[in-house]
Amino acid sequence: MLKLTKNRTFLITNHERFHLLSSSTLAVIADTQEASLNHKTQIQKPLESYSSLHVDPKFLVSALLNCRNIFQIKKVHAQVVANGLLNNLFATNKLLYSYIQQKALDEAYALFVGMRERDPVSWSVMIGGFAKAGDFVNCFRTFRELIRCSVQPDNYTLPFVLRVCRDRMDLLMGGLVHGVVLKSGLCLDHFVCAALVDMYAKCRVIDNARRLFDDMPNKDLVTWTVMIGGYAESGNAKESLVLFEWMIEEGVAPDKITMVTVVNACAKLGAMHKARLVHDYICRLNFSLDVILGTAMIDMYAKCGSVDCAREIFDRMREKNVISWSAMIAAYGYHGQGRKALDLFPVMLSSGVTPNRITFVSLLYACSHAGLVDEGLQLYNMMWDEYAMRPDVKHCTCMVDLLGRAGRLDEALNLIENMTVEKDEGLWGALLAACRIHKKIELAERAAKSLLELEPQNPGHYVLLSNIYANAGRWEDMAKIRKLMTGRSLKKVPGWTWIEVDNKIHQFSVGDRSHPLSKEIYGLLKILSEKLEIAGYVPDTDFVLHDVDEEVKIGILYSHSEKLAIAFGLIATPEGTPIRITKNLRVCGDCHTFIKFVSAITKRLIIVRDANRFHHFSEGTCSCGDYW
C-alpha cells in the first residue's frame, strides 16, 4: 500500500496518470514523497498545497539542485514523469544536465532519445556529456545526428566537439567541424574561434592556428596562452616568447597558468638570458612558487644549462610533490651528475614522498648517463621488490641504454628478449645507438630492422644505420640505405646549433656563411685550429661519413654548426664568461674533443645542450666523462 498521508490530495488528483506507470515507478514516487516529508526539502510545501493537474517545473528544478546522487535524481525523474512534464524542455533539460553531472550517461542518453522535442541546449548538454566522459565515439555520433536533424549548432556545442578533436589529435574531423563552423556563421565567435585555435595548435598545424588567432577581434588570456603553448609544442619556442612579449604590450595580464606555459617554452628554447627575464617577471608579479610553477622552473633552469639555479628553485619551494623531486633528479641526470641524482633519492624518501614511475625513469636515466651500472640494476630490481611496480617500456629502455653504453650488449639483448611489455622505437633505438658506440654491425642490423618496421618514415633510423656502415667502411651497404631513403622521399634532419647573445638567438648550420660576422668566425676558427693542433688536437675524420679524401673530410669537420656557434660566442661575449649553445642533434665525437681543447685554451666554460644531455666543458674536460 502507498503511504499517502498529507499527499493524498496530490495523488488522487493525478490518479489518471498513475495507471500508466509501473508499480516500481509508483513506489519510487511514493518513497520520494515520504523522504520529502522527512527531510523537509525545498519542494515539500509547494507539493503539499498544489492541487491542480500540474506542478510548476521550477519546483522540480529546485529539487534537482538539491540532489546529491543518482538515486535522488531518479526520484525527481519519476515526479517529472508522474506530472506529465517530459514535454517541458525547461524541466527535461535540467534533468538531462543532472544525469550528466553525475556521469550517468546511460540514463542521460535514454532520456535524450525519448525527448519528443530537443532544443540546442539539449544537444549541447548530451554532446558535452559524452565529451567530458571521454566517450568520443558517441560524442561524434550525436554531433553527426545533430547536423542531420538540421539543428543549428551553437557556441557551446562546437567547442566541446573541437576539444574532442584536439584530444584525439583528429585533424580530419577537426577540419570537418571547422567547415560546420563556417556554414553556421560562427567563425568570429570568441569561444568557437578559441577552440579552433586550440585544436589546430595541439594538432601541430600551427599556421592554421595562427591565422585564426590573428583574425580574432578580441583575444582573451586563454587564447593567448593556447597560442603561446602551441608554438612551443610545435618546436618554435622562440616565437612563443615573441608572442608573450606582444601579449604584455597589448595590456593582457598573465596568470600563473600562462607563466607556466611561458616557462615551458623557455625550457624548450634553452636560452638562459630569457629564463632569467621570465624569472624576474614572475617575481614582479609576486607569484608564489607552488608545485606546478616551481617544478616548471626547475625544468626550465636545468634545460637552460644551470642545474645550480634549478636546485635553488627546488630548495625555495615550500611544498614539493613526487613530480618536483623527480624533476630535480632528472636535472642532475642529464647534466651528468648521476651521483647527486642518486643522493637525492633517499632524501626524498625520508621526506615522506613515495616514488612513482617517473621517479624511477629519472633515476635510471641518471645512471645510464653516468655509467652507474650496478646502481641502475639495483634500482631496476627495487621497483618490483619494494614498490610492487612492474617496469614499463621506458624503464626497460633506460636499462638497455645503461647496459649498452657499458658494452654489456648481451645483457641488453637478453633483457629485450625477456620483456613482457610491448617494445617500442625508443627501446630499439637505444640498442642501435649502443651498437654504433661498440661497432656491433650484426646486432645493429637486427635493431634497425625492428625500428624500420615500427617507424618506416623516420629518417633518423636510416641515418644511424648508414653511419654505422660508413664507420665500418661498408660503403656499398651505406649507399643502399641512402638509396632506400631517397626512394621513400626521406631526408636527413639537418643539424642546427643556437647561441644566445645580447638577448638575440643566432642560428648556425654546417658550412653556414650567412651570418653577418661569417668572415670573422671562419678567421677565428682557422687560428683556433692551429693552436689546438699544437696542443695535441687531431681531427677525427671517422665522423665525416663520406667516401672522400682526408683533406676534404677535415674541411667538413671544421665547419660543423657547433664549432661555428662557439667561434661566434668567443667573438661576441666578454672574456671569462660562459658560452652556452644548443644543438638539435647529438654532438659528434670530433666536436666533443674539439670543444674540450677550446675550453682549455680559452679558459672558458662551454655548456652544450644536445639532443641527449648537457655537456659542461671546462679546462679540457667534460662533465660526461666522455661517456655519452
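Residues numbered from 1 in each chain as written. Predicted model: local features only at pLDDT ≥ 70, side-chain atom pairs only at ≥ 80, totals over all residues. Heavy atoms only, no water.

A.B. asks: I keep staring at the overall build of the protein chain and nothing clicks. Help me out?
C.D. replies: Per the secondary structure count, the protein chain includes 34 helices and 6 strands. Per-residue burial for the protein chain yields a buried fraction of 50% across its 628 residues. Only carbon and sulfur atoms are counted for the fraction: they give 53% of the accessible area of the protein chain, which is about 30600 Å². (Helix = DSSP H or I, 4+ residues; strand = E, 2+ residues; numbered from the N terminus. Buried < 20%, exposed > 50% of the residue type's maximum accessible area, 1.4 Å probe, protein only. Areas by Shrake-Rupley, 256 points an atom, 1.4 Å probe, with all protein chains shown as cover.)

A.B. asks: Could you clarify how one ought to interpret the nonpolar core in this entry?
C.D. replies: Soluble globular proteins tend to bury their nonpolar side chains together. If you look at the biggest cluster of nonpolar residues, it comprises 165 residues, and the most contacted ones within it are Met297, Met300, Tyr301, Met328, Leu379 and Leu431. Non-local contacts of Met297, meaning those with residues more than four positions away in its chain, are made with Val263, His279, Ile282, Leu289 and Ile313. Phe508, Tyr558, Leu564 and Ile566 belong to the second-largest nonpolar core, a separate cluster that totals 26 residues. (Core = buried A, V, L, I, M, F, W, Y, C linked by side-chain atoms within 4.5 Å. Contact = heavy atoms within 4.5 Å.)

A.B. asks: Please explain the packing of aromatic side chains as it appears in this structure.
C.D. replies: Two numbers describe a pair of aromatic rings. These are the distance of the centres and the angle of the planes. Scanning the model with the defined rule gives 16 aromatic pairs in all. Measuring from ring centre to ring centre gives 5.0 Å for Trp224 and Trp246, while their planes differ by 85 degrees; the resulting arrangement is edge-to-face. With Trp224 in helix H15 (residues 221-233) and Trp246 in helix H16 (residues 237-249), this residue pair connects regions lying 22 residues apart in the sequence. Relative accessible area serves as the criterion here: at 29%, Trp246 is assigned to the partly exposed category. Pairing Phe345 with Phe360 gives two aromatic rings, centres 6.0 Å apart and planes at 65 degrees, and the pair type is edge-to-face. A residue pair is termed long-range when its members are at least 10 positions apart, and Phe345 in helix H22 (residues 338-350) and Phe360 in helix H23 (residues 357-368) qualify at 15 residues. Residue classification places Phe345 among the buried residues on the basis of a relative accessible area of 6%. The rings of Tyr109, Phe112, Trp123 and Phe130 are connected pair by pair, giving a single aromatic cluster. The ring of Phe112 is capped by Arg118, whose NZ or CZ atom sits 4.2 Å from the centre of that ring. (Phe/Tyr/Trp six-rings, centres within 6.5 Å; stacked < 30°, edge-to-face > 60°. Lys NZ or Arg CZ within 6 Å of the ring centre and 35° of its normal.)

A.B. asks: I keep staring at helix H24 (residues 373-387) and nothing clicks. Help me out?
C.D. replies: The periodicity of an α-helix, 3.6 residues per turn, causes residues three or four places apart in sequence to face the same way. Under the 1.5 Å per step criterion, the end-to-end length of H24 is 21 Å for 15 residues, consistent within 8% with the ideal 21 Å. At Asn381, H24 shows its strongest bend, of approximately 35 degrees. Among all positions of H24, only Val373, Gly376, Leu379, Tyr380, Met382 and Met383 are buried. Turning to H24, the residues buried within the fold contact H22, H23, helix H25 (393-405) and helix H26 (409-417). Count one or two residues on from H24 and you reach Ala388, which has phi positive near 50 degrees. (Expected span 1.5 Å × (residues − 1). Bend = angle between axes of the 7 residues up to and from the residue.)

A.B. asks: Please clarify how the packing of helix H20 (residues 307-316) against helix H21 (residues 322-334) should be interpreted in this entry.
C.D. replies: Packed helices, taken two at a time, are described by the angle their axes make and the gap between the axes. At a minimum axis distance of 10 Å, the contact between H20 and H21 shows a crossing angle of 165 degrees. The orientation of H20 with respect to H21, classified from their angle, is roughly antiparallel. Here H20 and H21 pass one another in a crossing that is left-handed. Facing Val307, Ala310, Arg311 and Phe314 of H20, the residues of H21 in contact are Ser324, Trp325, Met328, Ala331 and Tyr332. For the contact of H20 with H21, the per-class residue count stands at 7 nonpolar, 1 polar and 1 charged. (Axes fitted to C-alpha atoms, helices over the stretch in contact; angles between N-to-C directions. Parallel < 35°, antiparallel > 145°, perpendicular 65-115°, else oblique. Left-handed = near helix turned anticlockwise from the far one by under 90°. Nonpolar A, V, L, I, M, F, W, Y, C, P; charged D, E, K, R; others polar.)

A.B. asks: How do you make sense of the sheet that holds strand S3 (residues 579-583) when you look at a structure like this?
C.D. replies: As a general point, the strands of a sheet are linked pairwise by backbone hydrogen bonds and lie either parallel or antiparallel. Pairing is mixed across the open sheet formed by 6 strands, whose spatial order is S2-S1-S3-S4-S5-S6. Of all the strands in the sheet, just strand S2 (504-509) and strand S6 (621-622) have a single pairing partner and so form its edges. Taken together, the 3 bridges between strand S1 (residues 496-501) and S3 define a ladder with antiparallel strand orientation. The residue of S3 that forms the bridge with Trp498 is Thr582. (Pairing = 2+ DSSP bridges.)

A.B. asks: Can you help me understand the pattern of salt bridges in this one?
C.D. replies: With the rule as written, the count across this model stands at 21 salt bridges. The shortest N-O distance in the salt bridge between Arg408 and Glu411 comes to 2.7 Å. Look at Arg408 and you get partly exposed, because its relative accessible area is 29%. Glu411 sits in the partly exposed class, given a relative accessible area of 36%. Where salt bridges share partners, they join Arg166, Asp167, Asp198 and Lys202 into one cluster. (Salt bridge = Lys/Arg side-chain N within 4 Å of Asp/Glu carboxyl O.)

A.B. asks: Got a minute to help me understand the pairing of strand S4 (residues 606-609) in this structure?
C.D. replies: Two faces belong to every sheet, and in a regular strand the side chains alternate between them. Where burial is concerned, the two faces of S4 agree: the one with Ile606 and Val608 and the one with Ile607 and Arg609 are both buried. In the sheet, S3 pairs with S4 via 4 bridges, with the strands oriented parallel. Bridge pairing links Arg580 to Ile607 in S4. In terms of handedness, the path from S3 via helix H34 (residues 589-602) over to S4 forms a crossover that is right-handed. Bridge count for S4 against strand S5 (residues 614-618) is 4 bridges, and the pairing is antiparallel. (Right-handed = clockwise from strand over helix to strand, strands pointing away.)

A.B. asks: Help me understand the packing of helix H14 (residues 206-215) against H15, please; the structure alone is not making it clear to me.
C.D. replies: It is the contact of H14 with H15, at a shortest axis distance of 10 Å, that shows an interaxial angle of 155 degrees. On the basis of the axis angle, H14 is roughly antiparallel to H15. Here H14 runs over H15; the crossing is left-handed. From H14, Ile206, Ala209, Arg210 and Phe213 reach across to H15, where they touch Thr223, Trp224, Met227, Gly230 and Tyr231. Looking at the contact of H14 with H15, its residues break down into 6 nonpolar, 2 polar and 1 charged.

A.B. asks: Hey, could you run me through the side chain of Ser124 in this one?
C.D. replies: Here Ser124 is to be found in helix H9 (residues 120-133). With a relative accessible area of 2%, Ser124 lands in the buried category. Not counting residues within four places of it along the chain, the set of residues in contact with Ser124 comprises Asp154, Tyr156, Thr157 and Phe160.

A.B. asks: Even after reading the chapter, I still don't get the side chain of Glu562, so can you show me in this structure?
C.D. replies: You can see Glu562 is positioned in helix H33 (residues 561-572). A polar atom in the side chain of Glu562 sits 3.3 Å from the side chain of Ser561. Every residue in contact with Glu562, bar those within four places of it in the chain, is listed here: Thr497, Ile581, Lys583, Val587, Cys588 and Cys591. (Polar contact = N/O pair within 3.5 Å; in protein donor to acceptor, adjacent residues only side chain to side chain.)

A.B. asks: Please clarify how the environment of Arg276 should be interpreted in this entry.
C.D. replies: Structurally, Arg276 can be placed in helix H18 (residues 272-284). Each C-alpha atom, one on Arg276 and one on Cys304, is 9.9 Å from the other, the two residues being 28 residues apart in sequence. Apart from the residues lying within four places of it in its own chain, the contact partners of Arg276 are Tyr301 and Arg580.

A.B. asks: Is there a simple way to explain unusual backbone geometry in this structure?
C.D. replies: Phi angles above zero are rare outside glycine, and Lys103 is one such case at about 60 degrees. With respect to the helices and strands, Lys103 occurs in the loop between helix H7 (89-101) and helix H8 (105-114). Even without being glycine, Lys439 reaches a positive phi, approximately 55 degrees. Position of Lys439 among the secondary structure elements: in the loop between helix H27 (425-438) and helix H28 (441-454). Classification of Lys439 as exposed rests on a relative accessible area of 56%.

A.B. asks: Teacher, can you tell me more about the confidence of the model for the protein chain here?
C.D. replies: It should be kept in mind that the predicted coordinates are not to be read in detail where pLDDT is low. Taken over all residues, the pLDDT of the protein chain has a mean of 85, while the share at 70 or more is 88%. The low-confidence segment residues 1-53, where pLDDT is below 50, has 58 contacts with residues more than four positions distant or belonging to other chains. With pLDDT under 50 throughout, residues 547-553 is counted as low confidence; its partners more than four residues away or in other chains account for 6 contacts. (pLDDT = per-residue confidence, 0-100.)

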